[in-house]
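Understanding the architecture of this molecule
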Amino acid sequence: HRSDLHITPHPLSVTIQPFSFFELQLVKLSSVTPPVTIANVYRPPSMSLNVFLDEFDTFLAILTSAGDDRLILCGDVNAPSTVPSAVHPDLMELLSTHDLAQYVPSPTRGNNLLDAFITTQQSSPASIRVDDAGCISDHRLIVASLSPGRGTPIARPILVSYHNIKHLDITQFENRLRTSALFTEPASSVDDFAAQIESVVTEILDSLAPVQSRSRR
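Everything numeric in this text was worked out from a predicted model, so none of it was measured. (Residues numbered from 1 in each chain as written. Predicted model: local features only at pLDDT ≥ 70, side-chain atom pairs only at ≥ 80, totals over all residues. Heavy atoms only, no water.)

With that settled, consider the side chain of T120. For T120, the location among the structural elements is in strand β6 (residues 115-120). A residue is classified by how much of its surface remains accessible, and T120, at 3% relative accessible area, is buried. Leaving out residues up to four positions away in the same chain, T120 has contacts with L71, D99, L100 and Y103. (Helix = DSSP H or I, 4+ residues; strand = E, 2+ residues; numbered from the N terminus. Buried < 20%, exposed > 50% of the residue type's maximum accessible area, 1.4 Å probe, protein only. Contact = heavy atoms within 4.5 Å.)

F56, F59, L60, L73 and L91 are the most contacted members of the largest nonpolar core, which has 31 residues in total. Listing elements by their share of this core, those giving two or more residues are β2 (23-29), β3 (36-42), α1 (49-64), β4 (70-76), α2 (89-97) and β6. Counting eight residues, the second-largest nonpolar core is a separate cluster that includes L168, F173, I204 and L205. (Core = buried A, V, L, I, M, F, W, Y, C linked by side-chain atoms within 4.5 Å.)

Next up on the list: the pattern of salt bridges. Scanning the model with the defined rule gives five salt bridges in all. In this structure, R109 engages D138 in a salt bridge whose closest nitrogen and oxygen atoms are separated by 3.0 Å. Pair noted here: R109 is in the loop between β5 (100-102) and β6 and D138 is in the loop between β7 (127-131) and β8 (141-145), with a separation of 29 residues, a long-range link. Of the residues examined, R109 reaches a relative accessible area of 38% and is grouped as partly exposed. For D131, the salt bridge goes to R129, with nearest N and O atoms at 2.7 Å. (Salt bridge = Lys/Arg side-chain N within 4 Å of Asp/Glu carboxyl O.)

Turning next to the packing of aromatic side chains. For the structure on display, the rule yields seven aromatic pairs. Ring geometry for F19 against F59: centres 5.9 Å apart, planes inclined by 75°, an arrangement best described as edge-to-face. Remark: F59 occurs in helix α1 and F19 occurs in the loop between β1 (7-9) and β2; sequence separation between them is 40 residues. According to the relative accessible area criterion, F19 is buried, its value standing at 19%. With a centroid separation of 5.6 Å and an interplanar angle of 90°, the aromatic rings of F22 and F52 are classed as edge-to-face. Here F52 lies in helix α1 and F22 lies in the loop between β1 and β2, a separation of 30 residues in the sequence. Following the ring pairs from residue to residue traces out a cluster consisting of F19, F22, F52, F56 and F59. Against the face of F52 rests R43, its NZ or CZ located 5.7 Å from the ring centre. (Phe/Tyr/Trp six-rings, centres within 6.5 Å; stacked < 30°, edge-to-face > 60°. Lys NZ or Arg CZ within 6 Å of the ring centre and 35° of its normal.)

It is worth spelling out the packing of helix α3 (residues 170-178) against helix α5 (residues 190-208) at this point. Look at α3 against α5: their axes get within 10 Å of each other, and the N-to-C directions meet at 140°. Where α3 crosses over α5, the handedness of that crossing is right-handed. Contact residues: Q172, F173, R176 and L177 in α3; V200, V201, I204, L205, S207 and L208 in α5. Residue classes in the contact of α3 with α5 are distributed as seven nonpolar, two polar and one charged. (Axes fitted to C-alpha atoms, helices over the stretch in contact; angles between N-to-C directions. Left-handed = near helix turned anticlockwise from the far one by under 90°. Nonpolar A, V, L, I, M, F, W, Y, C, P; charged D, E, K, R; others polar.)

Moving on, we get to the environment of H139. Relative to the helices and strands, H139 is located in the loop between β7 and β8. Sequence spacing of H139 and D76 is 63 residues, and the spatial spacing of their C-alpha atoms is 9.2 Å. In contact with H139, other than residues within four places in its own chain, are D76, T108, R109, L114 and D115. Within the structure, the side chain of H139 is placed 2.8 Å from the side chain of D115, a separation counted as a polar contact. (Polar contact = N/O pair within 3.5 Å; in protein donor to acceptor, adjacent residues only side chain to side chain.)

This brings us to the layout of surface pockets. What the largest pocket holds in volume is close to 470 Å³. If you trace the largest pocket, you find 21 residues lining it, with I72, C74, F117, A144 and L146 closest to the centre. Elements represented by at least two residues in the lining of the largest pocket include exactly β3, β4, β6 and β8. Residue classes in the lining of the largest pocket are distributed as 14 nonpolar, four polar and three charged. (1 Å grid on protein atoms, 1.4 Å probe; cavity = no way out; pocket = protein on both sides within 12 Å on 5 of 7 lines; lining within 4 Å. Points joined across faces, edges and corners; volume = space filled by probe spheres on them.)

Okay, here's the thing in structure tokens:
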């Protein structure tokens, strides 16, 4: 089968700056239509999950805006949930914002789901299972079947800009509001005060939670 699979390093692998909180192998399978971009990810368990999610968000934004390839992301992300059949809720939420989903259905090490298989709904696996593989490793094997056909066309990505308020310092935000012109020099009319609220809040958010951009399908 190896002679039938044309796999090469992905062009992005030479342009993306290395990430600090996860390791990455990025390849392209071009012997099928459409081509498949495959990202193999490893997050050391000692690395901060929050920082990993921020970096992973940046990576996904780059990856999903790079073209019309089908996407497969897999590997040991070390982000378990309290539920054995799921990854961490923050990772699930992040994937959802990029119209991606995690498909491994059961624990891959002990009682934790550490190893993920992530793709779009259009490219969801026909079947996927977790196998002990003779217990040759402390991680179980993920076996997935994929259709090589085009299937449902993948929507082109659109660029979305937003304030990431997930890690906003609420105390600092409140202090900035209380010392702003909204309290020291409030506008005299309702319309002017509404415009002042928008201006002041936007200015503070731009400072504490700068605008970020990501692509969505």
